[in-house]
Amino acid sequence: MADHITSKLNPDTHLILDQPLLRLPFELLRKNFKVAHFNVEKESTSVKTLLKETGLTSQSPTASSPADILKNVDSMLARMRGLKRKLASCAEEEARLHQQSASRIRHLGELYGMQSLDDVKYEEWSRTRLDRLLVDYLLRNGYKESAGALAREKGIEDLVDVETFVQMGRVRESLLNGRVTEALAWCNENKKELRRMESNLEFMLRFQQYIELVRTQDQAKLVESIAHAKKYLLPFRESYPKEVQQACGLLAFPPGTRADAYAELYSRSRWHSLSELFTQTHNTLLSLPSVPLLHIALSAGLSALKTPSCHSTHPHSTLSSISPTSSSSLTTSVCPICSTELNDLARNVPYAHHTTSHVESDLVLLPNGCVYGLHRLEEYSRKAGVEKGLVKDLRTGEVVRVEGLKKVYIS
């Protein structure tokens, strides 16, 4: 009965981790619809206005020449053709997102046809999910080519968001290279959403533009910086009083100043902070988790294994000196939490909550304080070639007499 409960598949618990899989296409569809709606409203308003003016002009006593009227008609036709191209592009994007959503729903729907974790289909499904998590991890860390190659090789292009992260990476790299043009263009595309989020990204980008103008110490650039501050910074003095005050005082402190508050503004590390702020804002806008999905999955798995005696909670214990590849090491070779690769990730996850005990029933205590099952200890000692009447510690390799063992009872 216990094995049946353990191996029973609950699809709802899997969907908790895979929420972004369906949420991102929905957010992109909504954004695509808003772009199409904006273009329709903008172009239709312009065409209606121009049509009305053309009609009134053609009926007035001082009517324009037929050439001017035809020129207005050609202008309206050009606008409509431009609108048609934009809407065609939006329609292609919508079709792609619908196809992507259908593939993802079908992928997640496969879970409901599986009854057990031991199902062969579940193993195949889990491998596909692992490939998705790896692609997500690669994209978030800037390995765009590797992520794309893995997605193509595994045939999961519709289950991953390569293009979204590529666009994000392009803007992020531009910020790291000291350019704000691409990031400001992105802010302009998502102006309403950013305003609703009360994001400070655009203000900080404008602030950085101001700093770069002042950095030059060129007279014309300084005059331009004052005009820039009046247009983009001063209107937000109530929302960001500290930054606006620093902007006003920055004119009196050239690069190389010893005043820490202003020297920090000239620091190149601000570009890295801006790139991190953009990444955080981008992920929040598209409902993406702030950390790779692979880390979330690993943290959940490590939490299910972590106990108070794990290596990660005792970094200076004697067990830490045992090599994971050593034949005398038993725990560190099989416990992922004790491994050097996952030690830091597991350090802050909560302990596992076990409702059923799996402790051996024949526990004995060795003189050095280690506890093992007697049967397992004797079997290990026999395989190690230890003389009868002696047992060998599975971790330290210490050999002790059987008479020195004490029976352990769990209360």
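Everything numeric in this text was worked out from a predicted model, so none of it was measured.

Caption draft 1: Quick look at the overall build of the protein chain. Of the regular secondary structure elements, the protein chain holds 18 helices and five strands. Going through the 411 residues of the protein chain one by one, you find that 35% of them count as buried. Considering only residue pairs separated by 6 or more positions, the protein chain has 65% of its internal contacts joining residues 24 or more positions apart. Per element, the accessible surface of the protein chain, about 25,700 Å² overall, is 55% carbon and sulfur.

Caption draft 2: Layout of the sheet that holds strand β5 (residues 406-407). The three strands lie next to each other as β2-β1-β5, forming an open sheet whose pairing is antiparallel. Edge positions in the sheet fall to β2 (371-373) and β5, since each of these pairs with one other strand and no more. Of the strand pairs in this sheet, strand β1 (residues 363-365) and β5 are connected by two bridges, and their pairing is antiparallel. Bridge pairing in β5 links Val 364 to Lys 407. Against the sheet, helix α18 (residues 374-383) engages β1 and β2, with an angle of about 85° to β2.

Caption draft 3: Region of the structure containing the packing of helix α10 (residues 201-216) against helix α12 (residues 241-250). One can describe the packing of α10 onto α12 by two numbers: an axis separation of 11 Å at closest approach and a directional angle of 10°. It follows that α10 is roughly parallel to α12 by the angle criterion. Mapping the contact onto sequence places Phe 203, Met 204, Phe 207, Tyr 210, Ile 211 and Val 214 in α10 and Glu 243, Val 244, Gln 246, Ala 247, Cys 248 and Leu 250 in α12. Counted by class, the contact of α10 with α12 contains ten nonpolar, one polar and one charged residues.

Caption draft 4: Up close: a positive patch on the surface. A contiguous patch of positive charge on the surface is contributed by Lys 191, Lys 192, Arg 195 and Arg 196. Following the sequence through the fold, Arg 195 ends up in helix α9 (residues 191-197).

Caption draft 5: Here's a closer look at helix α15 (residues 293-305). In this model, α15 (13 residues) spans 19 Å end to end at C-alpha, consistent with the 18 Å of a helix rising 1.5 Å per residue. Considered for burial, the residues of α15 that qualify are Leu 293, Leu 294, Leu 302 and Ser 303. Considering only its buried residues, α15 is in contact with α2 (11-17), α3 (19-59), α5 (120-140) and α17 (343-347).

Caption draft 6: The confidence of the model for the protein chain, seen in detail. Summing up the model confidence of the protein chain, the mean pLDDT is 85 and the portion of residues at 70 or higher is 90%. Of the regions scoring below 50 in pLDDT, residues 1-5 engages in zero contacts with residues more than four places distant in sequence or in other chains. Predicted confidence is poor over residues 312-333, with pLDDT under 50, and the contacts of this stretch with residues over four places away or in other chains come to 34 contacts.

Caption draft 7: Layout of unusual backbone geometry. For Glu 198, which is not a glycine, the phi torsion comes out positive at approximately 60°. On the secondary structure map, Glu 198 appears in the loop between α9 and α10. Its identity as a non-glycine residue notwithstanding, Ser 287 has a phi of 60°, on the positive side. Considering the arrangement of structural elements, one finds Ser 287 in the loop between α14 (269-285) and α15. Using a relative accessible area of 24% as the deciding quantity, one classes Ser 287 as partly exposed.

Caption draft 8: Up close: the packing of helix α8 (residues 181-189) against α10. Relative orientation of the contacting elements α8 and α10 amounts to 150°, with a least axis distance of 10 Å. Here α8 is positioned roughly antiparallel relative to α10, judged by the angle of their axes. Our pair here, α8 against α10, has a crossing hand that is left-handed. Seen from α8, the contacting residues are Ala 183, Leu 184, Trp 186 and Cys 187; seen from α10, they are Leu 201, Glu 202, Leu 205, Arg 206 and Gln 209. Within the contact of α8 with α10, the residues separate by chemical class into six nonpolar, one polar and two charged.

Caption draft 9: Region of the structure containing the pattern of salt bridges. Tallied over the full model, the rule gives 17 salt bridges. For the salt bridge of Lys 34 with Glu 193, the shortest nitrogen-to-oxygen distance reads 3.0 Å. Taken together, the residues span a long stretch of sequence, with Lys 34 in helix α3 and Glu 193 in helix α9 at a distance of 159 residues. For Glu 276, the salt bridge is made with Arg 172, and the minimal N-O distance between the two is 2.5 Å. Here the residue Glu 276 occupies a position in helix α14, and Arg 172 occupies one in helix α7 (residues 162-176), the gap between them amounting to 104 residues. Under the relative-accessibility criterion, Glu 276 is labelled partly exposed at 36%. It is possible to trace a salt-bridge network through shared partners that takes in Glu 43, Arg 79 and Lys 86.

Caption draft 10: α14, seen in detail. Look at α14: 25 Å from first C-alpha to last across 17 residues, which is about the 24 Å you get at 1.5 Å a residue. Among all positions in α14, only Arg 270, Trp 271, Leu 274, Ser 275, Leu 277, Phe 278, Thr 279, Thr 281, His 282, Asn 283 and Leu 285 are buried. Downstream of α14 by a residue or two, Ser 287 has a phi angle that is positive, lying close to 60°.

Caption draft 11: The packing of aromatic side chains, seen in detail. What the rule picks out here adds up to six aromatic pairs. Judged by centre distance (5.9 Å) and plane angle (70°), the ring pair of Phe 203 and Phe 236 falls under edge-to-face. Taken together, the residues Phe 203 in helix α10 and Phe 236 in the loop between α11 (219-232) and α12 connect sequence positions 33 residues apart. Residue class for Phe 203 comes out buried when judged on its relative accessible area of 6%. The exposure class of Phe 236 is partly exposed, given its relative accessible area of 38%. Ring geometry for Phe 203 and Tyr 240: centres 4.3 Å apart, planes at 15°, overall stacked. In this pair, Phe 203 is assigned in helix α10 and Tyr 240 in the loop between α11 and α12, connecting sequence segments 37 residues apart. We note that Phe 203, like Tyr 240, is buried. The structure contains a cluster of three or more aromatic residues connected by ring pairs, namely Phe 203, Phe 207, Phe 236 and Tyr 240. Taking NZ or CZ as reference, Arg 206 lies 3.9 Å from the ring centre of Tyr 232, over its face. Above the plane of the ring of Tyr 409 lies Lys 407, whose end atom (NZ or CZ) is 6.0 Å from the centre.

The rules behind each value
- Residues numbered from 1 in each chain as written.
- Predicted model: local features only at pLDDT ≥ 70, side-chain atom pairs only at ≥ 80, totals over all residues.
- Heavy atoms only, no water.
- Helix = DSSP H or I, 4+ residues; strand = E, 2+ residues; numbered from the N terminus.
- Buried < 20%, exposed > 50% of the residue type's maximum accessible area, 1.4 Å probe, protein only.
- Contact = heavy atoms within 4.5 Å.
- Areas by Shrake-Rupley, 256 points an atom, 1.4 Å probe, with all protein chains shown as cover.
- Pairing = 2+ DSSP bridges.
- Axes fitted to C-alpha atoms, helices over the stretch in contact; angles between N-to-C directions.
- Parallel < 35°, antiparallel > 145°, perpendicular 65-115°, else oblique.
- Nonpolar A, V, L, I, M, F, W, Y, C, P; charged D, E, K, R; others polar.
- Patch = residues over 30% accessible without salt bridge, like charges linked within 9 Å, V, L, I, M, F, W, Y side chains within 5 Å.
- Salt bridge = Lys/Arg side-chain N within 4 Å of Asp/Glu carboxyl O.
- Lys, Arg positive; Asp, Glu negative; His and termini not counted.
- Charge placed at Lys NZ, Arg CZ, Asp CG, Glu CD.
- Expected span 1.5 Å × (residues − 1).
- pLDDT = per-residue confidence, 0-100.
- Left-handed = near helix turned anticlockwise from the far one by under 90°.
- Phe/Tyr/Trp six-rings, centres within 6.5 Å; stacked < 30°, edge-to-face > 60°.
- Lys NZ or Arg CZ within 6 Å of the ring centre and 35° of its normal.

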